[in-house]
Amino acid sequence: MRAFRVTCPRPAAEGPLELVDAAVPEPGTDELLVQVLACGVCRTDLHVAEGDLPVHRPGVVPGHEVVGRVVRRGHRATGFAEGDRVGVAWLRGTCGTCRFCRRGAENLCPSSEYTGWDADGGYAEYTTVPADYAHRLPEGYTDADLAPLLCAGIIGFHALRRAELPAGGRLGVYGFGGSAHLATQVALAEGATVHVMTRSPAAQELALRLGAASAQGAADPPPEPLDAAILFAPAGELVLPALEALDRGGTLAVAGIHLTDVPVLGYRRHLFQERTLRSVTSNTRADAREFLRIAGEHHLDVTTVPYPLDKAGEALADLAADRITGAAVLIP
Ligand SMILES: [Zn+2]
Ligand SMILES: [Zn+2]
């Protein structure tokens, strides 16, 4: 099969991906062999390919937004039949026994493993996934449209839950990329009022088109106080205006895996009146399942840009240079 490996991490413009002719992987006893139909290109793939993330598996095949079809099962893999359409996401293993796993916070498991980092992912014609970590996918979407739901969608949803938005509440969304525009649609479907803060006029326009009540500059105050806010932009300085925009008792969740330093906070100005600042780390399988169920009930608007699998390197370079509007998806 055709597969792309990261043999030597380096900047995307210098071509870190190597196209190889690899053997179709053998599924382990509890794994599914999946024929890849579509694989999203996520910013985390860029961190793997460029070496921002330490190498966990030399020569790894990146890609953790995989939509595929089950073609074979290990003899102990249950829950899926051959021919089923399945999703393979970032989280692919946890220990199940540590204090975090036992209390339902497997996203914090210190022994967790990830697709396209610890194990080969979806920049290939076939991949494998432990059956317990594969996801059922909602109807009503193309393979390409489902792909970005499997990382950007799930993480944005986990951030929305971490922001503890009350029913019918007022949500502020800071930054409006792939994850944010999916979380916004879930919040709107659940009856929230959403205010979007982003510097890009095109993103502001998209926010209003999707149903946001207002859209303004990245650090501008929203037109009313917020019950909850999510910071999607990786800009630590935005923590200050976002906290200031919160009503009493409001929560700000920082969604990114990376944030520039947060400037000094003033206790009275940014935190007093029981405002909360919290981070968001990965997601649990329960988050993924709940999000995919909601995506089945409320059709989410997804903007994708297809690339043939052979152009994976180009897709990564385009992402690195901010040349893509929407989510890049590789189609084998
Ligand atoms: Zn654990
Ligand atoms: Zn991702």
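Residues numbered from 1 in each chain as written. Chains lettered and ligands numbered in written order. Predicted model: local features only at pLDDT ≥ 70, side-chain atom pairs only at ≥ 80, totals over all residues. Heavy atoms only, no water.

Draft legend 1. Layout of the coordination of the zinc ion (ligand 1). Here the zinc ion (ligand 1) is held by the protein donor atoms Cys95 (SG), Cys98 (SG), Cys101 (SG) and Cys109 (SG), which lie 2.3 to 2.4 Å from it. Bound by four donor atoms, the zinc ion (ligand 1) shows angles of 105 to 117 degrees at the metal and therefore tetrahedral coordination geometry. Mapped onto the sequence, the donors of the zinc ion (ligand 1) take the spacing C-x2-C-x2-C-x7-C. Residues Cys101 and Cys109 agree in their burial class; the two are buried. (Donors = N, O, S within 2.8 Å, 3.2 Å for Na, K, Ca; no water. Tetrahedral: all angles 85-135°; square planar, octahedral: opposite > 155°, others 65-115°. Buried < 20%, exposed > 50% of the residue type's maximum accessible area, 1.4 Å probe, protein only.)

Draft legend 2. Examining the pairing of strand E5 (residues 85-88) more closely. Of the two faces of E5, the one carrying Arg85 and Gly87 and the one carrying Val86 and Val88 are both buried. Where strand E4 (residues 66-73) lies against E5, four bridges are found, and the strand directions are antiparallel. Opposite Arg69, over in E5, you have Arg85 as the bridge partner. Two elements, E5 and strand E9 (residues 134-136), share three bridges in a ladder whose sense is antiparallel. Looking across to E9, one finds that Val86 is bridged to Arg136. (Helix = DSSP H or I, 4+ residues; strand = E, 2+ residues; numbered from the N terminus. Pairing = 2+ DSSP bridges.)

Draft legend 3. Region of the structure containing the pattern of salt bridges. Tallied over the full model, the rule gives 18 salt bridges. Glu297 is the partner of Arg293 in a salt bridge, and the nearest nitrogen-oxygen pair spans 3.0 Å. A residue pair is termed a helical-turn pair when its members lie 3 or 4 positions apart in one helix, as Arg293 and Glu297 do in helix H9 (residues 285-297) at four residues. With relative accessibility at 53%, the residue Glu297 sits in the exposed group. Each of Arg2, Glu125 and Asp310 takes part in salt bridges that share partners, so that together they form one network. (Salt bridge = Lys/Arg side-chain N within 4 Å of Asp/Glu carboxyl O.)

Draft legend 4. Spotlight on the packing of aromatic side chains. Going through the model one piece at a time under the given rule, you end up with five aromatic pairs. Ring centres of Tyr114 and Trp117 lie 6.0 Å apart, and the angle between their planes is 35 degrees; on these two criteria the pair is classed as tilted. Across the pair, Trp117 and Tyr114 agree in class, each one buried. For the pair Tyr267 and Phe272, a centre-to-centre distance of 5.6 Å together with 55 degrees between the ring planes defines the contact as tilted. With a relative accessible area of 57%, Tyr267 lands in the exposed category. Taken together, the ring pairs connect Trp90, Tyr114 and Trp117 into an aromatic cluster. Positioned over the ring face of Tyr133 is Arg285, at 3.8 Å from the centre of the ring. (Phe/Tyr/Trp six-rings, centres within 6.5 Å; stacked < 30°, edge-to-face > 60°. Lys NZ or Arg CZ within 6 Å of the ring centre and 35° of its normal.)

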